[in-house]
Amino acid sequence: MIKRQLLLAALLGSLCSNALAGGFSIRGKSASGLGNGTAGTAVLAEDASVVYNNPAAMQDLDGTHFSAVLHTIVSDLRFEDGGSNISGPASSTVDDPHLVPNLYYVRTVGNDLRFGLGIYAPYGLGLDYDDDWKGRYITTGTDLQVVNFSPALSWRASDKLNLGAGIDLQYINATLENAVDFGTICYGIANPADCFAAGMAPQQNDGSQTLTGNNWALGYSLGLTYDIDTLTRLGMSFHSATRHDIEGDSDFEGAPALLQAMDMFTDTGGALELELPETLSLGLSRQVSPQLMLLADATWTRWSRYDELVVEFDNNTPTSSSPQNWNDTWRLSVGGNYRLNERWLLRAGFSHDPSPIPDAQLLSPRVPDTTRNWLSLGSRTRINSEMELDMALAYTPQQSYRIDNTDSMGHNLKGEYESEILYLTLQFNWQL
């Protein structure tokens, strides 16, 4: 009985540990920030999206401001086999587009006080593979949605210093799918003769598993801006880690009668603890001419919090722990804004965005991330006295990187990913 429980725990632990790890941050929370490669987002207050970027900078907005943002994320992700020990097609492609909306609101509530509210997605992931692809025992699909509801306040502490703080009420919802190799499991826990008599064989008797879960958690944000002089500003923005105690359900389909008779692979509830990392952004802006502003940003993300994932079950299955060993990262960005005329503002930027994944062995097909260099372009046009339209494009060129992932049952996915990603973002700003 203990052997059966440990095998089931290892299977579920592998599914969960690969699902919610790694570089799945949604890049930029606004078109205005994305257009210059996220450079300077910790110092600028161009519109209401500053609620996320740095709540202290809300102090620069007078009256009532509202921003509505829509990201369209298009990825071309391809896997080519390079010696996996799993049956299935030698290649697989994932290229579904995703739409991510964000909403922001800022209002003056006093001479030195501003209130803001942001509803945005700091993290997200959506991948859907063919059911028979070579990595099916690790994943056939992942849908991760994280939404922040963030009220914030800013206060003018002096002529040079603004301070800000906010609450991050965060909701997470996840659906994780994978195939189950019941043939290999049978030979590992039952009499091989019984498995043979039942017509079972490794990688020939697949079923499926779906894990769903959700949770609310609470975090906070802090920010400040400091004007060195009339042309130069420093900014800092901090978002705390959020700890999620996720309650979920695990559902199995296609379990053979031989295994069902052993009272195994029954639907059950479960829970896992997950901490989404804190981030610290340092920004600098310099107005070098009436038309041109130069921007820089360095953002630290503490992915090293994700050193393991612990999964507990409602039945007698033992607790499962899976090591991750992720690295902290620093994203570096430079960019600029150029005022073409009273109606048009042009933006451009570049950023270097390291992956937290240490090596090919820890790379998961659920989050097939790699270090990326982003190129960004954007513009803002004034429609009338109350409305502006921001547009931004961010692109990372095609690149190749290796995967050599082995799950708890010995399935080895070995090969090469090729990927490129394109963000197309629109943002409407109203000043009421």
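Structure shown above.
Residues numbered from 1 in each chain as written. Predicted model: local features only at pLDDT ≥ 70, side-chain atom pairs only at ≥ 80, totals over all residues. Heavy atoms only, no water.

**Student:** With reference to specific residues and values, describe the overall build of the protein.
**Tutor:** Secondary structure summary: the protein contains six helices and 20 strands in total. For 432 residues, the compact-globule estimate of 2.2 N^0.38 gives 22 Å, and the C-alpha radius of gyration of the protein, at 24 Å, lies within 12% of that figure. Each principal axis of the C-alpha distribution contributes one length, and for the protein these read about 80 × 40 × 35 Å. Taking all 432 residues of the protein together, 53% fall into the buried category. Within the protein, one finds 26 positive and 51 negative side-chain charges whose respective centroids are separated by 9 Å. (Helix = DSSP H or I, 4+ residues; strand = E, 2+ residues; numbered from the N terminus. Rg over C-alpha atoms; globule rule 2.2 N^0.38 Å. Buried < 20%, exposed > 50% of the residue type's maximum accessible area, 1.4 Å probe, protein only. Lys, Arg positive; Asp, Glu negative; His and termini not counted. Charge placed at Lys NZ, Arg CZ, Asp CG, Glu CD.)

**Student:** Residue-level account of the side chain of glutamine 170, with values.
**Tutor:** With respect to the element layout, glutamine 170 can be found in strand β7 (residues 161-181). Look at glutamine 170 and you get buried, because its relative accessible area is 4%. One polar contact links glutamine 170 to asparagine 148, side chain to side chain, over a distance of 2.7 Å. Excluding residues within four positions of it along the chain, glutamine 170 makes contact with Pro122, Val146, Val147, Asn148, Asn215, Trp216, Ala217, Thr242, His244 and Leu276. (Polar contact = N/O pair within 3.5 Å; in protein donor to acceptor, adjacent residues only side chain to side chain. Contact = heavy atoms within 4.5 Å.)

**Student:** Describe the nonpolar core, naming the residues involved and giving the relevant values.
**Tutor:** Judged by nonpolar contacts, the single largest core of 30 residues is most densely connected at Phe24, Leu77, Tyr129, Leu144, Leu274 and Tyr417. Sorting the residues of this core by element identifies β1 (64-81), β5 (124-128), β6 (141-156), β7, β11 (268-276), β19 (387-406) and β20 (412-431) as the ones contributing at least two each. In contact with tyrosine 417, other than residues within four places in its own chain, are Leu77, Arg78, Phe79, Tyr129, Trp133, Leu363, Pro365, Pro368, Gln399, Ser400, Tyr401 and Ile403. The next biggest cluster of nonpolar side chains, apart from the first, holds 15 residues, and it includes Val180, Ile185, Cys186 and Ala190. (Core = buried A, V, L, I, M, F, W, Y, C linked by side-chain atoms within 4.5 Å.)

**Student:** Lay out a negative patch on the surface with the relevant residues and their values.
**Tutor:** Judged by side-chain charge, Asp96, Asp128, Asp130, Asp131, Asp132, Asp143 and Glu177 come together as a negatively charged surface patch. By secondary structure assignment, the location of aspartate 130 is in the loop between β5 and β6. Overall, the relative accessible area of 47% leaves aspartate 130 in the partly exposed class. (Patch = residues over 30% accessible without salt bridge, like charges linked within 9 Å, V, L, I, M, F, W, Y side chains within 5 Å. Areas by Shrake-Rupley, 256 points an atom, 1.4 Å probe, with all protein chains shown as cover. Salt bridge = Lys/Arg side-chain N within 4 Å of Asp/Glu carboxyl O.)

**Student:** An account of empty space enclosed by the protein is needed here, citing residue identities and associated values.
**Tutor:** On inspection of all chains with the given rule, the structure shows four cavities of 30 Å³ or more. In this structure, the second largest cavity encloses a volume near 90 Å³. What lines the second largest cavity is a set of 13 residues, among which Ser32, Leu44, Glu46, Ser49 and Asn53 lie closest to the centre. Of all the elements in the fold, those that place two or more residues in the lining of the second largest cavity are α2 (31-34) and α3 (50-53). Class assignment of the residues belonging to the lining of the second largest cavity gives a composition of four nonpolar, seven polar and two charged. (1 Å grid on protein atoms, 1.4 Å probe; cavity = no way out; pocket = protein on both sides within 12 Å on 5 of 7 lines; lining within 4 Å. Points joined across faces, edges and corners; volume = space filled by probe spheres on them. Nonpolar A, V, L, I, M, F, W, Y, C, P; charged D, E, K, R; others polar.)

**Student:** Can you lay out the state of the cysteines for me, pointing to particular residues and giving the numbers?
**Tutor:** The final tally for this structure, using the stated rule, is one disulfide. Shown here is the disulfide that connects cysteine 186 with cysteine 195, its sulfur atoms set 2.0 Å apart. On the sign convention where negative means left-handed, the S-S torsion of about -95 degrees between cysteine 186 and cysteine 195 marks this disulfide as left-handed. Just as cysteine 186 is buried, cysteine 195 falls in that class too. (Disulfide = S-S within 2.5 Å.)

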